[in-house]
Amino acid sequence: MQYFLLGLAIVVNLLGNVFAKLGADFKGGGKLGALGNPYLILCLCCAAISLYFFTKSLEKLPLHIAQPVLAIVSIVGVAFTSTIFFKAHMTPMQIAGILTAVVSIFLITAPA
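Nothing here was measured: the structure is a model prediction, and the numbers come from that model.

Peer 1: Is there a simple way to explain the environment of Asn 37 in this structure?
Peer 2: Mapped onto the fold, Asn 37 is located in the loop between helix 1 (2-25) and helix 2 (38-57). Given the relative accessible area of 5%, Asn 37 is considered buried. For the pair formed by Asn 37 and Ile 10, sequence separation is 27 residues and the distance between their alpha carbons is 23 Å.

So this is what it looks like as structure tokens:
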């Protein structure tokens, strides 16, 4: 169950990052500024929901396992969705950096 909650935290975190990008590109809002930007409001909601699921997962998972997993899966997820939905270009060096980070997290979280 704790890994399911961590997975939910990751998915909602990724969704929040997508909303942050959409919010940054949003040209509306008028006099309300950021409060008139529906994507930024959704981003904040996702951040709160993700934090809730992450905190619940920490009731059973150690922090030194859960946080690196959340971080690296979010990094890989954002890189993937950025290239698919926002047409971002990744250089071979950036891809190598992400792969190095994945290996690093694997080594950090592996059992002794």
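Peer 1: For this particular structure, what's the right way to read the packing of helix 1 against helix 2?
Peer 2: For any two helices packed against each other, the geometry is given by the interaxial angle and the distance between the axes. Contact pair helix 1 / helix 2: the axes reach a minimum separation of 8 Å and the direction vectors enclose 165°. It follows that helix 1 is roughly antiparallel to helix 2 by the angle criterion. Considering the relative orientation of helix 1 and helix 2, their crossing is left-handed. Its residues assigned to classes, the contact of helix 1 with helix 2 shows 17 nonpolar, six polar and one charged.

Peer 1: What is the right way to look at the packing of aromatic side chains in this model?
Peer 2: Here the distance between the centres and the angle between the planes together describe a pair of aromatic rings. This structure, assessed with the given rule, holds two aromatic pairs. A ring pair is formed by Phe 26 and Tyr 39, whose centres lie 5.8 Å apart and whose planes are at 75°; its orientation type is edge-to-face. Pair noted here: Phe 26 is in the loop between helix 1 and helix 2 and Tyr 39 is in helix 2, with a separation of 13 residues, a long-range link. Among the residues examined, Phe 26 registers a relative accessible area of 30% and is labelled partly exposed.

Quick notes on the rules
- Residues numbered from 1 in each chain as written.
- Predicted model: local features only at pLDDT ≥ 70, side-chain atom pairs only at ≥ 80, totals over all residues.
- Heavy atoms only, no water.
- Helix = DSSP H or I, 4+ residues; strand = E, 2+ residues; numbered from the N terminus.
- Buried < 20%, exposed > 50% of the residue type's maximum accessible area, 1.4 Å probe, protein only.
- Axes fitted to C-alpha atoms, helices over the stretch in contact; angles between N-to-C directions.
- Parallel < 35°, antiparallel > 145°, perpendicular 65-115°, else oblique.
- Left-handed = near helix turned anticlockwise from the far one by under 90°.
- Nonpolar A, V, L, I, M, F, W, Y, C, P; charged D, E, K, R; others polar.
- Phe/Tyr/Trp six-rings, centres within 6.5 Å; stacked < 30°, edge-to-face > 60°.

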